[in-house]
Amino acid sequence: MEIDSLSSLEKREILFKDIKNAIEVEWINTFKLPNDEAIIRSTLTMSDVDSAEARLRRFAPFIRMAFPETIEDKGIIESPLVEVPDLKKALNSSKLDANIRGKLYMKLDNELPVAGSVKARGGIYEVLKHTEELAVKGGVIDSYEDDYCKLASPAGKAFFATKKLQVGSTGNLGLSIGISGAAIGYETIVHMSSDAAEWKKELLRSKGVRVVEYGGDYTEAVANGRADSANDPDSYFIDDEKSLDLFLGYAVAAKRLQKQLRQQHITVDKEHPLFVYIPCGVGGAPGGITFGLRQFLGNHVHCFFVEPTQAPCMLLGMVTGLYNNISVQDIGLSGKTCADGLAVGRPSAFVGDFIKPFLSGIITVKDKRLFEYMRLLWNSERIFIEPSSCAAIHGPYAMTHSNEMADYCYDNKLNRNMDNATHIIWATGGSLVPEDIRQELLAKRV
Ligand SMILES: *Cc1c(COP(=O)(O)O)cnc(C)c1O
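With that out of the way, let us pick up the overall build of the protein chain. For the protein chain, the helix and strand inventory stands at 18 helices and 11 strands. Against the globule reference of 22 Å for 446 residues, the protein chain gives a C-alpha radius of gyration of 21 Å, in line with a compact fold. Once the C-alpha set of the protein chain is aligned to its principal axes, its extents read approximately 70 × 45 × 45 Å. Counting only residues that meet the buried cut, the protein chain has 60% of its 446 residues in that class.

Take a look at the structure:
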């Protein structure tokens, strides 16, 4: 029987079975709404993103001073948007046969200063927001108009040395909180899941961050960190499963991307659709970015999350409607993946439900492909990104290899304009990976 003639219930059953069997799927979100309707239901607004951006601007003089690599961008932590025509050619070549139409770009968050990953957006934003609150209350700065470089004065340092930051992480969030927290002077504790790479722990320890290791997964590391922090009045826990601040920090990316698109004369409208593919772990980073993009660019941006076949926690939560009340382990998946940043068994407690009206769909990818994409990108463009990040490269490939994606383009009347389309692969991490590990990863086959 043709899939087309199956009822939606049967389709859902097949999808669920495929997810359970770790088969690659493309799920189109039927709950997506036009922007004006989606925004009405949204508890966060564009002004929340604007105020997050304003906060980052207030901190820019301090960031510039604490992290000299940001001097050129005046203390704004941002990454380039670049066209990757040779990657497009490689994906379209006879071996992979992707047939991508339009232009292929990459958003290089792997090059974000300070933390080398997308976590430099949400993670550092929440550290700064908390710091601002404490600093005003503690008299380190007088007001939002004060000179934020005072944070680095001896009095400022002494003040923050009495405060603690804690976070649970698979690696990169720990790096962003640990590095930025330590620079401000906090005592910083990172609760690391068993998936975290050894070099990430070593890097943190070298910055004076305390690393607590767990044998279990991300959910366990977060639960332990949260409980430890709750027992200590001087400690603040950055809660990746619940935090609106993290989410808003990620959303600022969209406002800045809008500017980059304009600078590079990339139009986004009905005749020029924009497709964005973002790797998804707990959901904060891709959720925040998607929310922001729909706010700033409207209905003609189409955002897809990409998850590993063994850890599709956001997809499972959305398809079942159970969100964070179901884990991938509940349906017999391992939650284990070489994409360490995406090794999350249970999604964020709020992102799934919140992002549903804004999201186009979710795609899953097998680990085996991540390393093929990594080599393809390296060989074609000389860009290195870490395995989690490579998941996004599967987006434009799946776009041209799946009936579901073809139906999406047909239903949204996009086919006529696909030659004018822009595809953005959101590269989420990689620049801090040490050279020997890079070589190991580039040679890896699973
Ligand atoms: C954390 C991370 C993601 C996904 O972000 P979530 O907020 O966990 O969904 C993607 N790529 C990399 C490299 C990451 O570190």
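The discussion continues.
Now for the pattern of salt bridges. Taken as a whole and judged by the stated rule, the model has 27 salt bridges. Across the salt bridge formed by Asp-234 and Lys-163, the nearest N and O atoms sit 3.8 Å from each other. With Asp-234 in the loop between helix H9 (218-230) and strand S7 (235-238) and Lys-163 in the loop between helix H6 (154-160) and strand S4 (164-169), the pair connects residues that are 71 residues apart, well separated along the chain. Taking the relative accessible area as the measure of exposure, Asp-234 reaches 40% and is therefore partly exposed.

One finds Leu-87, Leu-91, Met-106, Leu-293, Ile-355 and Trp-426 to be the most contacted residues of the largest nonpolar core, which totals 147 residues. Here this core gets 10 residues from one element, more than from any other, and that element is helix H10 (residues 244-263). When residues no more than four places from it in sequence are discounted, the contact partners of Leu-87 are Leu-104, Met-106, Leu-376, Leu-377, Ser-380, Glu-381, Ile-393 and Ile-425.

With that out of the way, let us pick up the sheet that holds S4. Strand order in the open sheet formed by four strands is S6-S5-S4-S7, and the pairing between neighbours is parallel. Each edge of the open sheet is held by one strand with a lone partner, namely strand S6 (210-213) and S7. The mean angle between the axes of side-by-side strands here comes to 20°, regardless of whether they run parallel or antiparallel. Pairing between S4 and strand S5 (residues 187-192): six bridges, direction parallel. Paired with Ser-169 across the strands is Met-192, a residue of S5. Sheet strands in contact with helix H7 (residues 172-184) are S4, S5 and S7, and its direction is about 165° off that of S4. Sheet contacts for H9: S4, S5 and S7; angle to S4, the most-contacted strand, approximately 165°.

Our next topic: the site of the ligand. Taken together, 16 residues are adjacent to the ligand, and Lys-119, Asn-172, Gly-281, Gly-283 and Thr-428 come closest. Measuring from an oxygen atom of the ligand, one finds a side-chain N or O atom of Lys-119 at 2.7 Å. Take Gly-284: an N or O atom from its main chain is 3.2 Å from an oxygen atom of the ligand. Summarising the interface, the protein chains cover 98% of the accessible area of the ligand, which totals 380 Å² for the free molecule. Broken down by element, the shell around the ligand gets its largest block of residues, three residues, from helix H11 (residues 284-297). In the shell around the ligand, the residues fall into six nonpolar, eight polar and two charged.

Thresholds applied
Residues numbered from 1 in each chain as written. Predicted model: local features only at pLDDT ≥ 70, side-chain atom pairs only at ≥ 80, totals over all residues. Heavy atoms only, no water. Helix = DSSP H or I, 4+ residues; strand = E, 2+ residues; numbered from the N terminus. Rg over C-alpha atoms; globule rule 2.2 N^0.38 Å. Buried < 20%, exposed > 50% of the residue type's maximum accessible area, 1.4 Å probe, protein only. Salt bridge = Lys/Arg side-chain N within 4 Å of Asp/Glu carboxyl O. Core = buried A, V, L, I, M, F, W, Y, C linked by side-chain atoms within 4.5 Å. Contact = heavy atoms within 4.5 Å. Pairing = 2+ DSSP bridges. Axes fitted to C-alpha atoms, helices over the stretch in contact; angles between N-to-C directions. Near = heavy atom within 4 Å. Polar contact = N/O pair within 3.5 Å; in protein donor to acceptor, adjacent residues only side chain to side chain. Areas by Shrake-Rupley, 256 points an atom, 1.4 Å probe, with all protein chains shown as cover. Nonpolar A, V, L, I, M, F, W, Y, C, P; charged D, E, K, R; others polar.

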